[in-house]
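Reading the structure
Residue strings, one per chain:
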Amino acid sequence: DVKVTQSSRYLVKRTGEKVFLECVQDMDHENMFWYRQDPGLGLRLIYFSYDVKMKEKGDIPEGYSVSREKKERFSLILESASTNQTSMYLCASSSPGTGNEKLFFGSGTQLSVL
Amino acid sequence: KQEVTQIPAALSVPEGENLVLNCSFTDSAIYNLQWFRQDPGKGLTSLLLIQSSQREQTSGRLNASLDKSSGRSTLYIAASQPGDSATYLCAALFSGAGSYQLTFGKGTKLSVIP
């Protein structure tokens, strides 16, 4: 089975801190995604990557950056954490193809910014 | 703007009942539609994926259908069990969307009462 692992289940950070969220997948997937999920707003795409060192902005990239130095690892960076970035962060991966590729998610990181 | 809507937001049924969850989308030009399950505080698990050329997919007690002309998909759960209690989300991959960007509904929270 595909495994997408997020390094932390819960994180508590202070306003202004630089925060790194790590995600690793073990199925050699080209595509990787970062979402945030908030009550009433659903899932929103922050950034995605379809190859090493490639990145594309999603719907809400402001305040975030990403890094993909290796195929299996996709990191989300909060340059200067703010309270409105308190959220559940979900990483996902998929293989490229013709539209029949399931999306596999990690267990999520619940980030609280105080 | 392409949108995916799930109504109702919450549903409660007695154990053993057959039930249908609804998903509607605004653009009939889709590549595929996925149904996911999310348990509280966890990531999403892909249940079924229907390609645009298909009308339905089945897995165990689950059956998902797709009607592009009416902009609707349904997830049918037979003989519901308390373990089916979770939030169910649908997500559409629209034609022309860049790099596999799924559009998610906000989910239906299902409670199966013993």
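Residues numbered from 1 in each chain as written. Chains lettered and ligands numbered in written order. Predicted model: local features only at pLDDT ≥ 70, side-chain atom pairs only at ≥ 80, totals over all residues. Heavy atoms only, no water.

Comments concerning the overall build of chain B
Counting its regular elements, chain B contains 0 helices and 11 strands. Its helices and strands taken in sequence order, chain B reads β-β-β-β-β-β-β-β-β-β-β from the N to the C terminus. Whereas a compact globule of 114 residues would reach a radius of gyration of roughly 13 Å, chain B reaches 14 Å, a difference of no more than 12%. C-alpha extents for chain B along the principal axes are approximately 45 × 30 × 20 Å. Evaluated residue by residue, chain B yields a buried proportion of 43% over its 114 residues. Across chain B, the fraction of contacts at a sequence separation of at least 24, relative to all contacts at a separation of at least 6, is 56%. Summed over all atoms, the accessible surface of chain B reaches about 5,200 Å², with 48% contributed by carbon and sulfur. Computed over 9 positive and 8 negative side-chain charges, the separation of the two mean positions in chain B equals 5 Å. (Helix = DSSP H or I, 4+ residues; strand = E, 2+ residues; numbered from the N terminus. Rg over C-alpha atoms; globule rule 2.2 N^0.38 Å. Buried < 20%, exposed > 50% of the residue type's maximum accessible area, 1.4 Å probe, protein only. Contact = heavy atoms within 4.5 Å. Areas by Shrake-Rupley, 256 points an atom, 1.4 Å probe, with all protein chains shown as cover. Lys, Arg positive; Asp, Glu negative; His and termini not counted. Charge placed at Lys NZ, Arg CZ, Asp CG, Glu CD.)

Structural notes on the pattern of salt bridges
Residue and element names in this part refer to chain A. In the structure shown here, the tally under the stated rule is 9 salt bridges over all chains. Glu22 serves as the salt-bridge partner of Arg73, at 3.9 Å between the closest nitrogen and oxygen. One end of the pair, Arg73, is in strand β9 (residues 73-78); the other, Glu22, is in the loop between β3 (19-21) and β4 (23-25), and 51 residues separate them in sequence. The exposure class of Arg73 is partly exposed, given its relative accessible area of 39%. Salt-bridge contacts for Lys71 lead to Glu30; the nearest nitrogen and oxygen are separated by 3.3 Å. Taken together, the positions of Lys71 in the loop between β8 (64-70) and β9 and Glu30 in the loop between β4 and β5 (31-38) put the pair 41 residues apart, joining distant regions of the chain. (Salt bridge = Lys/Arg side-chain N within 4 Å of Asp/Glu carboxyl O.)

Considerations on the sheet that holds strand β6 (residues 56-59) of chain B
Two pairing modes exist for strands in a sheet, parallel and antiparallel, and in both the strands are linked by backbone hydrogen bonds. All names here are of chain B. The 5 strands are arranged β1-β3-β8-β7-β6 in an open sheet whose pairing can be described as antiparallel. Where the open sheet ends on each side, the last strands, each with one partner, are β1 (4-5) and β6. Relative to strand β8 (residues 72-77), strand β7 (residues 62-67) runs antiparallel, the two being bridged by 6 bridges. Counterpart to Asp67 in the pairing with β8 is Arg72. (Pairing = 2+ DSSP bridges.)

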